[in-house]
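A structural walkthrough
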Amino acid sequence: MVEIPKLGLGTYGRTGENGMLAILKALEVGYRHIDTAQSYDTEASVGDAVRRSGLPRSEVFITTKVADTQLDKSRFMDSVEHSLETIGVGPVDLLLIHWPSKNDAIPFEDYMLALAEAQRRGHTRLIGVSNFPGVLLERTERLLGPGVIATNQVEIHPYMQAPKLTAYARSKDLTLTAYQPLCRGAVASDPVLRRIADKHGVSASAAALAFLVAEGHLVIPASASEANLRANWQARDVILDAEDMQAIRALHRGERSINPEKAPIWDD
Ligand SMILES: NC(=O)c1ccc[n+]([C@@H]2O[C@H](COP(=O)([O-])OP(=O)(O)OC[C@H]3O[C@@H](n4cnc5c(N)ncnc54)[C@H](OP(=O)(O)O)[C@@H]3O)[C@@H](O)[C@H]2O)c1
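Presented here is an overview of the structure given in this document. (Residues numbered from 1 in each chain as written. Predicted model: local features only at pLDDT ≥ 70, side-chain atom pairs only at ≥ 80, totals over all residues. Heavy atoms only, no water.)

A separate point is the overall build of the protein chain. Helices and strands together make up the secondary structure of the protein chain, namely 10 helices and 8 strands. Relative to its full complement of 268 residues, the protein chain shows a buried share of 53%. Look at the contacts in the protein chain between residues 6 or more apart in sequence, and 76% of them connect residues 24 or more apart. Accessible surface, the protein chain as shown: approximately 11,900 Å² in total, 50% of it carbon and sulfur. When the 29 positive and 34 negative side-chain charges of the protein chain are each reduced to one mean point, those points stand 2 Å apart. (Helix = DSSP H or I, 4+ residues; strand = E, 2+ residues; numbered from the N terminus. Buried < 20%, exposed > 50% of the residue type's maximum accessible area, 1.4 Å probe, protein only. Contact = heavy atoms within 4.5 Å. Areas by Shrake-Rupley, 256 points an atom, 1.4 Å probe, with all protein chains shown as cover. Lys, Arg positive; Asp, Glu negative; His and termini not counted. Charge placed at Lys NZ, Arg CZ, Asp CG, Glu CD.)

For strand β5 (residues 124–130), the tally of buried residues reaches 6 of 7 residues, placing the bulk of the element in the interior. Here strand β4 (residues 92–97) runs beside β5; their pairing, made up of 5 bridges, is parallel. Of the residues in β5, the one forming a bridge with L95 is I127. The β-α-β motif built from β4, the intervening helix α4 (residues 108–120) and the parallel element β5 has right-handed crossover chirality. Examined bridge by bridge, β5 and strand β6 (residues 149–155) share 3 bridges and lie parallel to one another. The residue of β6 that forms the bridge with V129 is N152. (Pairing = 2+ DSSP bridges. Right-handed = clockwise from strand over helix to strand, strands pointing away.)

Another point: the packing of aromatic side chains. Taken as a whole and assessed by the stated rule, the structure comprises 5 aromatic pairs. Seen in terms of ring centroids, W99 and W266 are 6.0 Å apart; in terms of plane orientation they differ by 65°. Their pairing is edge-to-face. Remark: W266 occurs in the segment after α10 (242–249) and W99 occurs in the loop between β4 and α4; sequence separation between them is 167 residues. The class for W99 is buried, based on a relative accessible area of 6%. The exposure class assigned to W266 is buried, which follows from its relative accessible area of 18%. Summarising the aromatic geometry, the rings of F108 and Y111 are spaced 5.7 Å apart at their centres and angled 75° between planes, so their arrangement reads as edge-to-face. One end of the pair is F108 and the other is Y111, both in helix α4 and 3 residues apart, which spans about a single turn. Residue F108 shares its accessibility class with Y111, and that shared class is buried. (Phe/Tyr/Trp six-rings, centres within 6.5 Å; stacked < 30°, edge-to-face > 60°.)

Pairing is parallel across the open sheet formed by 8 strands, whose spatial order is β1-β2-β3-β4-β5-β6-β7-β8. Looking along the sheet, the strands with just one partner apiece sit at the ends: β1 (9–10) and β8 (218–219). Sheet topology places β6 next to strand β7 (residues 175–179); 5 bridges connect them, and they run parallel. Looking at β7, one finds that T151 is bridged to T175.

Before going further, it helps to examine the pattern of salt bridges. Any two side chains of opposite charge can pair, so long as their charged atoms come close to each other. Taken as a whole and assessed by the stated rule, the structure comprises 22 salt bridges. Across the salt bridge formed by K262 and D68, the nearest N and O atoms sit 3.2 Å from each other. Residue K262 is located in the segment after α10, and its partner D68 is located in the loop between β3 (61–66) and α3 (76–87); the two are separated by 194 residues in the primary sequence. Several salt bridges share partner residues, and in doing so they unite K25, E28, E226 and R230 into one network. (Salt bridge = Lys/Arg side-chain N within 4 Å of Asp/Glu carboxyl O.)

What follows is about the environment of G216. With respect to the helices, strands and loops of the structure, G216 is situated in the loop between α8 (204–214) and β8. Look at G216 and you get partly exposed, because its relative accessible area is 44%. The sequence separation of G216 and L136 amounts to 80 residues, and the corresponding C-alpha distance is 21 Å.

What follows is the structure, given as structure tokens:
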């Protein structure tokens, strides 16, 4: 059973030399799970940072995602092979479908079977999905079988706790990965989170991350600042009590910030 480190690093927007240095800094702080995507233009930086860190490849868990423009079966496998070349450290640990194809414009079976084929070819250890609602998770299970998908990466933070999707995932023993877990930094100034964070001697961001992990999710916050990388890393040491958990649960207000035209019909 492959274990995915619960606290990872997002790399959206961390392009160029500065982005690579931020990823390298995160590896120095202790992060061992890095999230990239074909569409982020950070795959090369992730590979560079891992090589420059001197860490054994086996110690860093790398996720990448097949872009929605590459789902067609004529392009899918080439795009995965191109990602592996760009990252340049061998197979990845987790390969995700970044967005499902809206209204099956690209047939669902085609790209999901291509994903499974990428795993069979050894391009990735695990496979998963992103931005999938329950109805597509059901289809995935019917097509590939139960337990084949390692995670569904979706927007989850204290203001968008995705209660319906979370309940569904729990019923299937499927782990969700919370993207944008800090609501793009907004949680840092939240009074409830600040109060709870003060009690535990950490930042409000660390309290938010500790909450999401206690709810059973993986988290992939992004930061280019060493101070914030370290503050977020402290989430690993925070144990929230039942009262803290209840207070943060009450912050949910269904606030979704990523909802492009290509988005599916969400559960929450
Ligand atoms: N699958 C998908 O469709 C999808 C969609 C969106 C995102 N993602 C993934 O999820 C990752 C995280 O999402 P995100 O980067 O959009 O948002 P996020 O992690 O919620 O927030 C990042 C922002 O928060 C700030 N920040 C970080 N730590 C902080 C702290 N301790 N105190 C105050 N501010 C802090 C960062 O600024 P500084 O740099 O100044 O610290 C940055 O502006 C992405 O990088 C990407 O890998 C996936």
